[in-house]
Structure formats: structure tokens, C-alpha cells
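One letter stands for each residue in the lines below.
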Amino acid sequence: MTNKERILNTVEFKKTDRAPIAFYFGPWEETLDAWKKQGYQDGDYDKCGIDAGFEIVNVNLGYLPKFAFKVLEDRGDTAIIIDEMGVTQEILKGKSMIPRYISYPVKTPEDWLELKKRLDPNDPKRFPDNWNELVGYYNSTDKVVQLGSYPYGLFGTLRDMMGVENLCMNFYDQPELVQDMMDYLTDFWITIYQKVVKQVKVDAIHIWEDMSGKNGSLISPAMVREFMVPNYKKIATFAQAHGIKMIALDTDGDCDQLIPLFLESGINTIMPFEVIAGNDIHDYRAKYPNLVIMGGINKLEIAKGKEAIDKELERIRPMFKKGGYMPALDHLIHPDISWPDFQYFVKRLKEVAIEESES
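Remember, predicted model here, so these are calculated numbers, not experimental data.

For the second largest pocket, the calculated volume is near 300 Å³. Lining the second largest pocket are 16 residues, with Thr16, Arg18, Ala19, Phe320 and Gly323 positioned closest to its centre. With 3 residues, the single largest contributor to the lining of the second largest pocket is helix α13 (residues 339-358). Each residue belonging to the lining of the second largest pocket can be placed in one class, and the counts come to 5 nonpolar, 6 polar and 5 charged.

With that settled, the discussion passes to the nonpolar core. With 97 residues, the main nonpolar core has Phe23, Met161, Met228, Phe342 and Phe345 as its most contacted residues. With 12 residues, the single largest contributor to this core is helix α7 (residues 175-197). Leave out the neighbours within four places in its chain, and phenylalanine 23 touches Tyr45, Ile50, Met294, Pro327, Ala328, Phe342, Phe345, Val346 and Leu349. Formed by 14 residues, the second largest nonpolar core is a distinct cluster that contains Phe25, Phe54, Ala204 and Val292.

With that settled, consider the pattern of salt bridges. Scanning the entire structure with this criterion turns up 29 salt bridges. The shortest N-O distance in the salt bridge between lysine 116 and aspartate 180 comes to 3.4 Å. With lysine 116 in the loop between α3 (109-115) and α4 (131-138) and aspartate 180 in helix α7, the pair connects residues that are 64 residues apart, well separated along the chain. Under the relative-accessibility criterion, lysine 116 is labelled partly exposed at 21%. Accessibility expressed as a relative area gives 33% for aspartate 180, which makes it partly exposed. Here glutamate 312 ties to arginine 315 by a salt bridge, and the two come within 2.6 Å at their closest N and O atoms. Of the two residues, glutamate 312 and arginine 315 both sit in helix α12 (residues 306-316), 3 residues apart, roughly one turn of that helix. Connected via shared salt-bridge partners are Arg6, Asp17, Arg18 and Asp51.

The strand order across the open sheet built from 4 strands is β2-β3-β4-β5, with neighbouring strands paired in antiparallel fashion. Pairing within the sheet leaves two strands with one partner each, and these edge strands are β2 (70-74) and β5 (100-103). On average, adjacent strands in this sheet sit at an angle of 25° to one another, irrespective of strand direction. Where β2 lies against strand β3 (residues 78-82), 4 bridges are found, and the strand directions are antiparallel. Considered in β3, the bridge of valine 71 is made with isoleucine 81.

Here we come to helix α1 (residues 3-11). Three or four residues apart is the spacing at which side chains of an α-helix point the same way, because the helix has 3.6 residues per turn. Taken across its 9 residues, α1 has 8 buried, putting it largely inside the fold. Contacts from the buried residues of α1 go to β1 (54-56), β6 (144-147), β10 (246-250), β11 (269-271), β12 (292-297) and β13 (325-329).

Attention shifts here to the sheet that holds β11. On the basis of which strands lie adjacent, the open sheet formed by 7 strands has the order β1-β6-β7-β10-β11-β12-β13 and parallel pairing. For this open sheet the edge positions go to β1 and β13, each flanked by a neighbour on one side alone. Adjacent strand axes in the sheet meet at a mean angle of 30°, parallel and antiparallel pairs treated alike. In this sheet, β11 lies alongside β10 in parallel orientation, the contact comprising 3 bridges.

Turning to α13, a few remarks are in order. In this model, α13 (20 residues) spans 29 Å end to end at C-alpha, consistent with the 28 Å of a helix rising 1.5 Å per residue. Looking only at α13, the buried set comprises Trp339, Asp341, Phe342, Tyr344, Phe345, Val346, Arg348, Leu349, Val352, Ala353 and Glu356. Buried residues in α13 make contact with α2 (29-36), β12, α11 (299-302), α12 and β13. For α13, the N-terminal capping position is held by serine 338, with its side-chain oxygen 3.1 Å away from the main-chain nitrogen of aspartate 341.

Criteria and thresholds
Residues numbered from 1 in each chain as written. Predicted model: local features only at pLDDT ≥ 70, side-chain atom pairs only at ≥ 80, totals over all residues. Heavy atoms only, no water. 1 Å grid on protein atoms, 1.4 Å probe; cavity = no way out; pocket = protein on both sides within 12 Å on 5 of 7 lines; lining within 4 Å. Points joined across faces, edges and corners; volume = space filled by probe spheres on them. Helix = DSSP H or I, 4+ residues; strand = E, 2+ residues; numbered from the N terminus. Nonpolar A, V, L, I, M, F, W, Y, C, P; charged D, E, K, R; others polar. Core = buried A, V, L, I, M, F, W, Y, C linked by side-chain atoms within 4.5 Å. Buried < 20%, exposed > 50% of the residue type's maximum accessible area, 1.4 Å probe, protein only. Contact = heavy atoms within 4.5 Å. Salt bridge = Lys/Arg side-chain N within 4 Å of Asp/Glu carboxyl O. Pairing = 2+ DSSP bridges. Axes fitted to C-alpha atoms, helices over the stretch in contact; angles between N-to-C directions. Expected span 1.5 Å × (residues − 1). Polar contact = N/O pair within 3.5 Å; in protein donor to acceptor, adjacent residues only side chain to side chain.

Here it is, written out as C-alpha cells:
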């Protein structure tokens, strides 16, 4: 069975030769730096037994033009910068750490009107110069061809435009602005998607939200229903019209409150089910038998060595019999996971997947 068949059959709860081993989240830069000291060479990640996975269509879904990157102040170990998203922040030099955010491009309706000038869906520069060559590749690859990726979603993109705290407050303080932004972005992306599907057979749409924390959703389910569900349904209607089988949504934290709304909207796949946030994929399978689950393997346990890896894989083993499961770590590959242990994890995970498909 091919990579594409395996993933799409899993999404439709159809029979496969085994579960896909197609991780959506790769290693941190710090992880690769650590691995290179352990014998890793460039390209080894793709050779360690992972399936081909996903191919994201190379089309610009964000600002055009981007904001100019500026260093406003050099403070030695840190710097105050404006990034390409127009966000002013203090960063720690040379480290992939969460910055200290200072200000965002949208504070008022007037700011949003100005920002819209960078969000013209009909700008021909959204497609790369080698687009015709890419079309041939996308239509022949065994990878699952995907529209959308980080950092594009409704809550997700608005948090980059306003800031998380400001966005949460603006659901109350400026609801018309929030609604207009979400409605516009949905139509903006679908307009671009329409151009893509005229030439490319697309298999999946990805929506990045990150709208949950350890204690649940950052906004109420009622707000999700009012502001977001109608737009998700627009995306799902588009997907159905073009034979796109997979609509995946990425949100960290505890997303239990939101899953019924996502399913109602036509979203069929959720990731990554962080274990540290209290997510138990066995409970989710029991509660939501039609949900495609991707992730749920505790990255912290995989960092503890072979014995812990075997134990963690035994914990998730029953999921393979229930269908609709794509096993993967519950987020990016942490630097504490050694390269030898990661290789062992992939090898054993594939063995377990095969064992469960044959039993």
C-alpha cells in the first residue's frame, strides 16, 4: 500500500496494511544540533523508517509583502525586533525560545483595513515562478498533498495579528472586528485554494489554531460556535466539493471541549493530543468514535530510553485495532530525545503497527 493510500484510508476508517508512520511534527533546531553530535547526518531523518507523509503546496497564504525585519535595539544577549509578521518582540539570540511579545499589528479596525492591503488573494506573486513544474510534482507524488499549514487558522492567525490576550478580550470588546477578520481570512484562503485545485489534486487541508491550554479552550465553546464554526463549515464545503478527504486541525493543550464543534464543522482529524495536558487518546476514541486521532505518544517518555519507549508503545497499542489512528509524538521532537533512541522508537513503532495489522 502506498503512503497516500495508507493515510487517506486511515482518515476514512478503511482497511490498511498498517497504520501510517507519518509524523507531522519534526525535530527542533536544537534537536538536530544535538543529534549531529550523536552521529546524525543531514538527510538521515528521512531514511530512518518514517513514511513519506505530507507535502504542503507552496503557495503564499500570508502577508504579501511581508513586513520588513528590523532590529530596533540590540541588548547583548537579547534584541528588540519587528519580525516578518509585524510583531514587535524581545528575542533571546541563538535560541528557539518563546519571545517576550511587545505589540502586534492590529489594535483597531483601522489597523485591520491597513493590514488587508497585504492580503490580496489575487496577487499573482502568491504562486512561485516554478509553479507549473510544481503542479506536475504534486500530481505525481505519493505524499499527501496538503493546503494550509502553520501559522494559518482562524484563532491561530488572529493571535499573531493581535496577540493571544488581546484577541481573547476582543471577542468581548471588538466582536465585529474579530468576526470580520475571521470571515475575510476564510474567504481569502478559499479564493487561493480555488486557484490551486484547478490544477492540483489536493488530498488534505490543514488548519492551525493552538487555542487550548492545559486547562481547556482559551475561549468558550459558545464563542467558537458563533465566530468560527460557520467559517469551518465553509472550508468543509469547499473540501467536499473538490474531493478533499482530510481536514486536519492542530491545537495544543486540552481540546476536549472543542472536539464536538470541530466534528460538527466537518473537521475530521485532530492533532497532537499532548499527554502532559491530560489528553488520553483511549478516552477520546471512546467518546468520539469517528474522530481521526493523530499523535498522543508522550514525547517525554520517548526521551527516557528504550525501556520507557517500549512501555509507552504498549500503552498506545490498543489504538491500532480501533482504526482512524495515526501514531505520532504529541508535539515537536524534543532535544532530550537522543538520535539513537529516536531511531529505536521509529523501528519499534513500525513493528507494533505491523503486528497489530496482522493479528
